[in-house]
Amino acid sequence: MHKFLAKAKSSLSSAGSPPQTLDAQWAKSPPTALHIPPTNLDLLRYRSHHGTNLGSIFLLEKWLCPSMFEPTAAGDSELDAVTASINAHDITATCRKWQNHYASALSDIEIAWLAHEAHITTIRLPIGYFTLGPSFTNGTPFAGPISEVYNDAWPAVLRLCERLYEAGIGVLLDLHALPGGANDQDHGGTSSKRAELWGNSDHLELAKRCLCFMADEVAKGNIQDCVGIELCNEACWGAEAMYEWYEDVVKAIGRVDASIPLYISDGWDLGRAVAWCAGFNKRGSGNLVAVDTHRYYCFTEEDKMQSPQELVKRVRGELCEVEAACGSVVDKGAVDIVIGEWSCALSGESWGKVSGVDRDELIRAFGRAQGEQWRSRAGGAFFWTAKMDWMDGGEWGLFEMVKRGAVVPPANLTMSFDQVTKRARQARQLKDEKKREAIQAHTGYWDSTAPGGNFEHWRFEQGWDLGFADAMAFYEMRTHVNDLGVRTGADAIGALELWITKRLRESGQSGGLIWEWEHGFRQGVSALEGLVRTT
């Protein structure tokens with residue numbers, strides 16, 4: 001609070017004129033607020049994402065999809081699978097096999113289940129650079145005859161996205177496998193066990209070209225439900241010049257379409273990623289950037305030393321790095337995160353620390369604790385994963401975890417049409433009262449804290465009005481006649497820090513007192529959400 005007081009005193013000392021009364025300030029005829037309603041695409045992109053990863057469809061991992069691997073496959077990666085198939089059969093048979101695999105990604109029944117039973121809002125769609133087609137494989141292990149297998153890959157992505165759009169489900173395009181590999185794992189497309197993207201100008205340039213192509217496809221309207229593009233999945237710790245490359249790519253994409261939200265891997269260092277992202281969004285004027293971080297509790301020695309109950313407790317303390325960075329885009333910059341991958345899987349060592357317990361109950365507690373924590377501190381979360389050969393997937397499978405009650409949607413997504421419209425109507429009836437209370441509290445506090453300060457309280461009012469209206473637009477987005485597919489449920493702003501930054505840019509607000517507008521906007525959002533909140 002002392003920062004705002006300092007601002008108020010600074011404004012007073014630099015005004016060069018006697019302090020004005022509150023009445024005089026309101027009499028100055030403040031500029032008319034510009035209220036451009038959020039578009040349908042805005043609502044899809046910035047709502048809270050109750051999501052899932054698609055699974056091993058456009059990028060193979062043997063542990064998820066062993067049926068795509070010949071017995072002669074040399075390893076567990078996409079390259080191993082496609083090479084072994086061509087060697088065992090021929091290019092034509094392999095193309096047909098891959099096309100059939102793409103076509104079976106999600107049935108109409110599965111999409112309906114995701115939308116109406118699991119209440120999934122968004123799918124994170126992992127792809128490889130080779131998924132974009134043969135022209136993106138030159139100079140890589142996928143060049144030559146192998147590349148022909150991927151002639152239909154990108155068209156298959158477009159067809160799937162169109163079907164998801166019709167169901168009201170957004171898509172986060174995730175460049176999961178990059179040229180050379182952003183990490184040393186098999187899901188980078190090869191079994192090289194090396195992260196050779198970083199420090200290799202050819203690989204980095206090709207990756208940028210891939211991402212710009214994806215952005216161009218979005219800009220042309222070929223993917224109507226794209227909520228964002230993820231530049232890189234699971235970058236290795238300490239990757240060489242990673243943030244310099246991020247900045248270069250963001251600027252390049254901005255020249256294609258500056259409206260697309262972009263997501264970066266935190267490189268297993270969330271604190272550093274949050275700091276970079278906040279600074280970048282504060283000084284930038286193009287694409288807004290969010291951070292993708294992953295949370296698993298079954299791999300490290302620390303994980304294995306803890307019981308399921310201890311891990312539930314640990315989850316409830318996660319993401320403190322983000323909480324400290326939020327709350328004032330004017331002062332701190334804007335940063336939002338998503339949990340790009342999480343699961344309900346625990347190690348055998350963790351299970352070995354308990355006996356005579358109800359495993360299903362512990363899994364439910366573990367899954368629900370994660371869901372609640374991710375919703376409270378992130379703009380969205382994407383379960384790993386939806387599709388694999390061994391459906392329903394156990395504690396790695398969305399379908400099974402939803403059926404067992406471990407992955408639960410927020411209550412607002414399960415509301416009926418009538419419930420949503422009734423609460424929206426009641427909120428409108430109480431709007432003026434809540435606004436009046438907020439303005440009185442704001443002006444009263446600052447006029448008593450810094451008497452005679454040169455405030456511009458009209459900014460607070462304009463911010464409050466827009467915040468309330470925007471939150472209502474997100475809440476009601478499914479009740480209107482539009483192309484969003486699902487009609488039941490209510491949505492909420494997820495990436496609030498990025499959304500505030502976007503609206504601040506669009507508002508035309510400037511000067512040393514824009515913090516009043518931001519205060520108003522946040523309180524307007526909170527007012528609406530409080531009025532429609534489910535219990």
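All values derive from a computational prediction rather than experimental measurement.

Basis of the calculations
Residues numbered from 1 in each chain as written. Predicted model: local features only at pLDDT ≥ 70, side-chain atom pairs only at ≥ 80, totals over all residues. Heavy atoms only, no water. Helix = DSSP H or I, 4+ residues; strand = E, 2+ residues; numbered from the N terminus. Rg over C-alpha atoms; globule rule 2.2 N^0.38 Å. Buried < 20%, exposed > 50% of the residue type's maximum accessible area, 1.4 Å probe, protein only. Phe/Tyr/Trp six-rings, centres within 6.5 Å; stacked < 30°, edge-to-face > 60°. Salt bridge = Lys/Arg side-chain N within 4 Å of Asp/Glu carboxyl O. Pairing = 2+ DSSP bridges. Axes fitted to C-alpha atoms, helices over the stretch in contact; angles between N-to-C directions. Contact = heavy atoms within 4.5 Å.

Caption draft 1: Representation of the overall build of the protein chain in the model. Each helix and strand counted, the protein chain has 21 helices and 8 strands in total. On C-alpha atoms alone, the protein chain measures out to a radius of gyration of 25 Å, which is about the 24 Å that the 2.2 N^0.38 rule sets for 535 residues. Across its three principal axes, the protein chain shows a C-alpha extent of roughly 85 × 55 × 50 Å. Buried residues in the protein chain amount to 57% of all 535 residues.

Caption draft 2: Looking closely at the packing of aromatic side chains. In this structure the tally under the stated criterion is 30 aromatic pairs. On the numbers, 5.3 Å between centres and 65° between planes, the contact of Tyr-129 with Phe-130 is edge-to-face. Its relative accessible area of 2% is what places Tyr-129 among the buried residues. Taking the relative accessible area as the measure of exposure, Phe-130 reaches 0% and is therefore buried. The interplanar angle of 85° and the centroid separation of 5.8 Å between the aromatic rings of Trp-198 and Trp-245 together place this pair among those described as edge-to-face. Taken together, the residues Trp-198 in the loop between β3 (170-177) and α8 (201-219) and Trp-245 in helix α9 (residues 242-254) connect sequence positions 47 residues apart.

Caption draft 3: Inspection of the pattern of salt bridges at higher detail. One pass over the full model with this rule turns up 37 salt bridges. For Lys-208, the salt bridge is made with Glu-205, and the minimal N-O distance between the two is 3.6 Å. Taken as a pair, Lys-208 and Glu-205 lie in helix α8 at a separation of 3 residues, close to a single helical turn. Given a relative accessible area of 12%, Lys-208 falls into the buried group. Judged by its relative accessible area of 46%, Glu-205 falls in the partly exposed class. Of the charged contacts in the structure, one is a salt bridge between Lys-502 and Glu-506, with a shortest N-O distance of 2.6 Å. Residue Lys-502 and its partner Glu-506 are located together in helix α20 (residues 496-507), separated by 4 residues, close to a single helical turn. Overall, Glu-506 belongs to the partly exposed group, its relative accessible area being 32%. Via salt bridges that share partners, Asp-42, Asp-470, Lys-502, Arg-503 and Glu-506 belong to a single interconnected network.

Caption draft 4: Seen up close, the sheet that holds strand β7 (residues 337-342). Taken in spatial order, the 8 strands line up as β1-β2-β3-β4-β5-β6-β7-β8 and close into a barrel, and their pairing is parallel. The sheet shows a mean angle of 30° between the axes of neighbouring strands, taken without regard to direction. Two strands pair when backbone bridges link them, and strand β5 (residues 262-265) and strand β6 (residues 289-295) are joined in this way by 4 bridges, in the parallel orientation. Within β6, the position partnered with Leu-262 by the bridge is Val-289.

Caption draft 5: Quick peek at the pairing of β7. Burial runs high along β7: 6 of the 6 residues are buried. With 5 bridges joining them, β6 and β7 adopt parallel strand pairing. Across the sheet, the residue bridging to Arg-295 is Trp-342, located in β7. Direction of pairing for β7 relative to strand β8 (residues 380-383): parallel, over a ladder of 2 bridges. Across the sheet, the residue bridging to Ile-339 is Ala-381, located in β8.

Caption draft 6: Broad picture of helix α4 (residues 78-88). Taken across its 11 residues, α4 has 8 buried, putting it largely inside the fold. Every buried residue of α4 is listed here: Glu-78, Leu-79, Asp-80, Ala-81, Val-82, Ala-84, Ser-85 and Ile-86. Considering only its buried residues, α4 is in contact with α5 (91-103).

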